[in-house]
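Read off the chains here:
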Amino acid sequence: MRVQHISKHIHHKPILVDIDFSVEPGSIIGIVGRNGSGKTTLLRSLAGILTPTRGSVYIDGLDIFKHPEIKKQIIFVPDSTEALKNYSTKELIYLYKNIYPEFDTSYLFSLMKRFKLSQISKIGNYSKGQKALFTLITAFATGASYILLDEPTDGLDVIVKKQVLQLLVEEVSDRRLAVLISSHRLDELEFMVNEVIFIKKGKVDSHYELDTMKNQYKKIQLAFAGKMPETLENELEVLDKTGKVYTVLIPRGSRPLEEKISDSRPLFYEELPMSLEDYFVAKLGGPDDV
Ligand SMILES: Nc1ncnc2c1ncn2[C@@H]1O[C@H](COP(=O)(O)OP(=O)(O)OP(=O)(O)O)[C@@H](O)[C@H]1O
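Residues numbered from 1 in each chain as written. Predicted model: local features only at pLDDT ≥ 70, side-chain atom pairs only at ≥ 80, totals over all residues.

We now examine the packing of helix 3 (residues 105–114) against helix 4 (residues 128–141). To characterise two packed helices, one gives the angle between the axes of the helices and the distance between these axes. With their axes 9 Å apart at the nearest point, helix 3 and helix 4 run at an angle of 145 degrees to one another. Handedness of the helix 3/helix 4 crossing: right-handed. From helix 3, Tyr107, Leu108, Leu111 and Met112 reach across to helix 4, where they touch Ile137, Thr138, Phe140 and Ala141. (Axes fitted to C-alpha atoms, helices over the stretch in contact; angles between N-to-C directions. Helix = DSSP H or I, 4+ residues; strand = E, 2+ residues; numbered from the N terminus. Left-handed = near helix turned anticlockwise from the far one by under 90°. Contact = placed C-beta atoms within 7 Å.)

This is how it looks when you write it as C-alpha cells:
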C-alpha cells in the first residue's frame, strides 16, 4: 500500500497534512499520537471511508478511490461496534460475505470457538470485550490483506488480549498481511510492531523502525547534589524528575553531551532500558503539542 501525500480538511480545517508512507506486506505498524492528532481520520482515509482532500492511496499501483473494488483488500475495524449492535452474528457474516468474496466462514467459526464466542441474535448483547473480540476475529476471516485497527484491545481482559495479540502476530507472519494499529497502549504495541508512525497535529512527525528508534537514544537516570545545571537541562529531554533524580533521554553516541554530563559531576549515572512510551513522552509530550 502506498499512501501518497494525503491531506484531509474537514469543515475547512486541516486534519491531515501531507501524509506519505508505504506499508509492506508482513509488517505491523503502530500509529501513535496524542488525542485528537488525526489517527482515526488517517485510518478511515486509508480504508477509503473518507475521501482525502488531496493525495490518494494505492494498492498494487491502483488508486483505491478510482478502483473501489480494491477496497475489499482492506478492512477497517473501528473502536466502537455501535453501528453493528442490532445485527445478529448470522446477518453480519452474510453482510461481510457480500463485501469480501474470500470471507472464510469456517475459519471465523473456528476462531469463535477458540475464543468461546457463541452465535448471538444481537451483537449488542455481547459484553464490551466480546464485541471487540468478535469484530477483530471477523477482520481476520475477511481475507483482506490490509487490516486497519483502531484501539483494538480496548475492553479485552488481559488473558484474551494476550491471545488476540498472539493471533495477530501469527496471522501477519503466516499470511503476509499488513496490520496498522492505532493505539494508546504503547506497552502492547512495543511487543508486536516493527514500525511506528508518530502523528502530531495531523502530520507524520516521525516514522521509525522500532529497533532503529531504540538505537538512536538512550535513557539515563542521574542525580546531582543540587539542581541540574541549567545549560544541561536545556539540552536533555527530561522525562521525569523525582526529588533529585532525573530520568532523561539523550541521543546515543553524542560525545560532547556525554562529556558535559560527566563534567557536571552527577552523584550517579545509570542507563535504563528505553521504552516506546519514553520516546512518545519525549517526542509528543509538550502541553499543547496535539
Ligand atoms: N467529522 C468531523 N467533524 C469535525 N471535526 C472532526 C471530524 N472528524 C475528526 N475531526 C477532528 O479531527 C481531529 C482528529 O480527530 P481523530 O479522531 O482523527 O483523532 P485521534 O488521533 O484518533 O484521537 P483519539 O486518540 O482521541 O482517538 C480532532 O480535532 C477532531 O475533532
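We are not done yet, so read on.
A word on the site of the ligand. All residues in the neighbourhood of the ligand are listed as Ile10, His11, Ile15, Gly33, Asn35, Gly36, Ser37, Gly38, Lys39, Thr40 and Thr41. At 3 residues, the largest contribution of residues to the shell around the ligand is made by helix 1 (residues 39–46). Its residues assigned to classes, the shell around the ligand shows 2 nonpolar, 8 polar and 1 charged. (Near = placed C-beta within 6 Å. Nonpolar A, V, L, I, M, F, W, Y, C, P; charged D, E, K, R; others polar.)

Now for the sheet that holds strand 3 (residues 28–33). In a beta sheet, neighbouring strands pair by backbone hydrogen bonds and run either parallel or antiparallel. The 6 strands lie next to each other as 6-7-8-3-9-10, forming an open sheet whose pairing is mixed. Strands with a single pairing partner mark the edges of an open sheet, and in this sheet they are strand 6 (74–77) and strand 10 (203–209). Between one strand axis and the next, the sheet turns through 15 degrees on average, direction left out of account. For strand 9 (residues 195–200) and strand 10, the ladder comprises 6 bridges, and the chain directions are antiparallel. Note that in strand 10 the partner of Ile197 across the bridge is His207. (Pairing = 2+ DSSP bridges.)

It is worth spelling out the packing of helix 4 against helix 5 (residues 158–175) at this point. Remark: helix 4 packs on helix 5, axes separated minimally by 12 Å, with the N-to-C direction vectors making an angle of 10 degrees. Comparing the axis directions of helix 4 and helix 5 gives the class roughly parallel. Residue-level inspection shows Gly129, Leu133, Leu136 and Phe140 of helix 4 in contact with helix 5, the latter providing Val160, Val164 and Glu171. Counted by class, the contact of helix 4 with helix 5 contains 5 nonpolar, 1 polar and 1 charged residues. (Parallel < 35°, antiparallel > 145°, perpendicular 65-115°, else oblique.)

One can find Glu230 in helix 8 (residues 230–233). Judged by local crowding, Glu230 falls into the exposed class, with 7 C-beta atoms found within 10 Å. Between the C-alpha atoms of Glu230 and His67, which are 163 residues apart in sequence, the distance is 58 Å. (Buried ≥ 20, exposed ≤ 12 C-beta atoms within 10 Å, placed from the backbone.)

In spatial order, the strands read 2-1-4-5; together these 4 strands make up an open sheet with antiparallel pairing. The two strands at the open ends of the sheet, each matched to only one other strand, are strand 2 (13–22) and strand 5 (62–63). Here strand 1 (residues 2–10) pairs with strand 2 via 6 bridges, running antiparallel. In the sheet register, His9 faces strand 2, and the bridge partner there is Pro14.

The next subject is the nonpolar core. Ile31, Ile147, Leu148 and Val179 are the most contacted members of the largest nonpolar core, which has 60 residues in total. Top contributing element to this core by residue count: helix 4, with 8 residues. Two domains each provide a minimum of three residues to this core, namely domain 1 (2–212) and domain 2 (217–284). Formed by 8 residues, the second largest nonpolar core is a distinct cluster that contains Leu222, Met228, Tyr246 and Val248. (Core = buried A, V, L, I, M, F, W, Y, C linked by C-beta atoms within 7 Å. Domains from an automatic or database assignment.)

Now for the domain arrangement of the protein. Assigned domains within the protein: domain 1 (2–212) and domain 2 (217–284). Computed over C-alpha atoms, the centres of domain 1 and domain 2 are 37 Å apart. Counting residues at the interface gives 12 residues for domain 1, matched by 6 residues for domain 2. Of all the secondary-structure elements, those providing two or more residues to the side of domain 1 that touches domain 2 are strand 3, helix 6 (186–192), strand 9 and strand 10.

Turning next to helix 5. The terminal C-alpha atoms of helix 5 lie 26 Å apart, and with 18 residues this matches the ideal 26 Å at 1.5 Å per residue to within 8%. Taken together, the buried positions of helix 5 are Val164, Leu165 and Leu168. Axial view of helix 5: buried residues confined to an arc of 100 degrees, hence all on one face. Residues of helix 5 that are exposed and point over 90 degrees away from its buried face: Ile159, Gln166, Glu170, Ser173 and Asp174. On its buried face, helix 5 is in contact with helix 4, strand 8 (178–182) and helix 6. Just past helix 5, the residue Arg176 takes up positive phi, approximately 55 degrees. (Expected span 1.5 Å × (residues − 1). Arc of directions from axis to C-beta.)

For helix 10 (residues 276–284), the set of buried residues is Leu276, Asp278 and Tyr279. Mapping the buried residues of helix 10 onto a view down its axis gives an arc of 155 degrees, with all of them on the same face. Tucked into the core, helix 10 has its buried residues touching helix 6, strand 9, helix 7 (210–216), strand 11 (217–223), strand 12 (237–242) and strand 13 (245–251).

At His12, a residue that is not glycine, the phi angle is positive and equals roughly 65 degrees. Position of His12 among the secondary structure elements: in the loop between strand 1 and strand 2. His12 sits in the exposed class, given 6 other C-beta atoms within 10 Å. For Lys201, which is not glycine, the phi torsion reads 50 degrees and is therefore positive. Within the fold, Lys201 resides in the loop between strand 9 and strand 10.

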